[in-house]
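Chain residues, written in single-letter form:
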Amino acid sequence: MVFTLPKLSYAYNSLEPAIDAKTMEIHHNKHHQAYIDNLNKAIEPFKELQDKKVEELLADNLKIVPESIKIAVKNHGGGHANHTFFWEILTGNKKENEFKGKIADLIKKDFGDFDRFKAAFSETAMKRFGSGWVWLVSNNKKLEIYSTANQDSPIMEGKKPLLGLDVWEHAYYLNYQNKRADYIAAFWSIVNWKKVEEIFKSV
Ligand code: MN
């Protein structure tokens, strides 16, 4: 299939002040679009890959992807999958930001309480050296916080993302400059826990 940029379900300015409209516009319309363009270019000569979903390309460390384009698909297919996921778990709607439901109960059970979970997730995000992501994943039904470099996707290792935060500088530098910690702190005010709950129930 030819991959296309997913439309956001909210306006670029709706995540303010946590993420400003200009950052959202460039991030979605330029960065995410570039991953898609490069992914399409990489798979262009391989007809058999063109009806696959991006998750299928990334599965089992890109098992079905020919060696010659593995790195390109890892980077750009990962970039497409990660960003598509990221947009979905963000919201400017305060009701959707309420931390509740089965996922909230399990987080509290596994991490002690919400604050301890946030601290552990934030610390992992701070420790990611250079560009990458921090994730809450379901790994064989067990919750796990971990981080990936570059655009590596948890899907490559069979882990199901439930929550993810982009800590590439392009995700925050316009508004936060070098203050990654402030960006991470602001993230909690725009997490769509309603959506995270839906994803959790589907994995
Ligand atoms: Mn990004």
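Calculation notes
- Residues numbered from 1 in each chain as written.
- Predicted model: local features only at pLDDT ≥ 70, side-chain atom pairs only at ≥ 80, totals over all residues.
- Heavy atoms only, no water.
- Helix = DSSP H or I, 4+ residues; strand = E, 2+ residues; numbered from the N terminus.
- Rg over C-alpha atoms; globule rule 2.2 N^0.38 Å.
- Buried < 20%, exposed > 50% of the residue type's maximum accessible area, 1.4 Å probe, protein only.
- Contact = heavy atoms within 4.5 Å.
- Salt bridge = Lys/Arg side-chain N within 4 Å of Asp/Glu carboxyl O.
- Donors = N, O, S within 2.8 Å, 3.2 Å for Na, K, Ca; no water.
- Axes fitted to C-alpha atoms, helices over the stretch in contact; angles between N-to-C directions.
- Left-handed = near helix turned anticlockwise from the far one by under 90°.
- Nonpolar A, V, L, I, M, F, W, Y, C, P; charged D, E, K, R; others polar.
- Parallel < 35°, antiparallel > 145°, perpendicular 65-115°, else oblique.
- Phe/Tyr/Trp six-rings, centres within 6.5 Å; stacked < 30°, edge-to-face > 60°.
- Lys NZ or Arg CZ within 6 Å of the ring centre and 35° of its normal.
- Domains from an automatic or database assignment.
- Buried area = accessible area lost by both parts, 1.4 Å probe.

J.: So, the overall build of the protein: which residues are in play, and what are the values?
T.: Helix and strand content of the protein: 8 helices and 3 strands. If you list the helices and strands of the protein from N to C, you get α-α-α-α-α-β-β-β-α-α-α. Taking 2.2 N^0.38 as the reference for a compact globule, 203 residues should give roughly 17 Å; the C-alpha atoms of the protein span a radius of gyration of 17 Å, in line with that estimate. Seen through its principal axes, the protein has C-alpha atoms that stretch 50 × 40 × 30 Å. With 203 residues in all, the protein has 48% of them scored as buried. Pairs at least 24 apart in sequence give 67% of the contacts found in the protein among residues at least 6 apart.

J.: Describe the pattern of salt bridges, and please don't skip the residues or the numbers.
T.: With the rule as written, the count across this model stands at 11 salt bridges. Of the charged contacts in the structure, one is a salt bridge between Glu-123 and Lys-127, with a shortest N-O distance of 2.7 Å. You can see Glu-123 and its partner Lys-127 sitting in helix H5 (residues 114–127), 4 residues apart, about one turn around the helix. For Glu-123, a relative accessible area of 44% puts it in the partly exposed group. Residue class for Lys-127 comes out exposed when judged on its relative accessible area of 62%.

J.: Summarise the coordination of the manganese ion; cite the residues concerned and give the values.
T.: A metal bound by six donors in octahedral fashion has ideal angles of 90 or 180 degrees, whereas one bound by four tetrahedral donors has an ideal angle of 109.5 degrees. Only His-27 (NE2), His-83 (NE2), Asp-166 (OD) and His-170 (NE2) from the protein reach the manganese ion as donors, at distances of 1.9 to 2.1 Å. Mapping the donors of the manganese ion onto the primary sequence gives the spacing H-x55-H-x82-D-x3-H. The residues Asp-166 and His-170 share a single accessibility class, namely buried.

J.: Describe in detail the packing of helix H1 (residues 21–43) against helix H3 (residues 70–88), supporting the description with residues and values.
T.: In contact at an axis separation of 8 Å, H1 and H3 are set at 140 degrees when each is read in the N-to-C sense. When the axes of H1 and H3 are compared, the crossing they make is left-handed. On the side of H1, the interface is formed by Met-24, His-27, His-28, His-32, Tyr-35, Ile-36, Asn-38, Leu-39, Ala-42 and Ile-43, while H3 contributes Ala-72, Val-73, Asn-75, His-76, Gly-77, Gly-79, His-80, His-83, Thr-84, Phe-86 and Trp-87. Its residues placed into classes, the contact of H1 with H3 shows 10 nonpolar, 11 polar and no charged.

J.: An account of the packing of helix H2 (residues 54–62) against H3 is needed here, citing residue identities and associated values.
T.: Between H2 and H3, the shortest axis-to-axis distance is 10 Å and the interhelical angle comes to 125 degrees. As judged from the angle between their axes, H2 and H3 are oblique. With respect to the hand of their crossing, H2 and H3 are arranged in left-handed fashion. Within the contact between the two elements, H2 uses Val-54, Leu-57, Leu-58, Asn-61 and Leu-62 and H3 uses Lys-70, Val-73, Lys-74, Gly-77, Gly-78, His-80 and Ala-81. In the contact of H2 with H3, the residues fall into 6 nonpolar, 4 polar and 2 charged.

J.: Break down the packing of aromatic side chains for me, with residues and values.
T.: According to the stated counting rule, one finds 17 aromatic pairs in the structure shown. Between Phe-86 and Trp-87 the ring centres are 5.6 Å apart and the planes differ by 40 degrees, which places this aromatic pair in the tilted class. Assessed through its relative accessible area of 1%, Phe-86 is described here as buried. An angle of 55 degrees between the planes, with centres 5.2 Å apart, marks the rings of Phe-187 and Trp-188 as tilted. Each member of the pair Phe-187 and Trp-188 is classed as buried. Through successive ring pairs, a cluster of aromatic residues spans Phe-99, Phe-111, Phe-114, Phe-117, Phe-121, Phe-187, Trp-188 and Trp-193. The ring of Phe-114 carries Lys-118 above its face, with NZ or CZ at 4.4 Å from the centroid. The positively charged end of Lys-159 is found above the aromatic ring belonging to Tyr-146, 4.1 Å away from the centroid.

J.: If you had to explain the domain arrangement of the protein to someone new, which residues and values would you point to?
T.: Here the domain parsing of the protein yields domain 1 (21–88) and domain 2 (102–202). The interface is formed by 22 residues belonging to domain 1 together with 25 residues belonging to domain 2. Roughly 1800 Å² of surface becomes buried between domain 1 and domain 2 when both sides are summed, with 63% attributable to carbon and sulfur atoms. Among the residues of domain 1 in contact with domain 2, Asn-82, Phe-85 and Phe-86 are the three that bury the most area, contributing 34% of the side total. Taken together, domain 1 and domain 2 are joined by 2 salt bridges.

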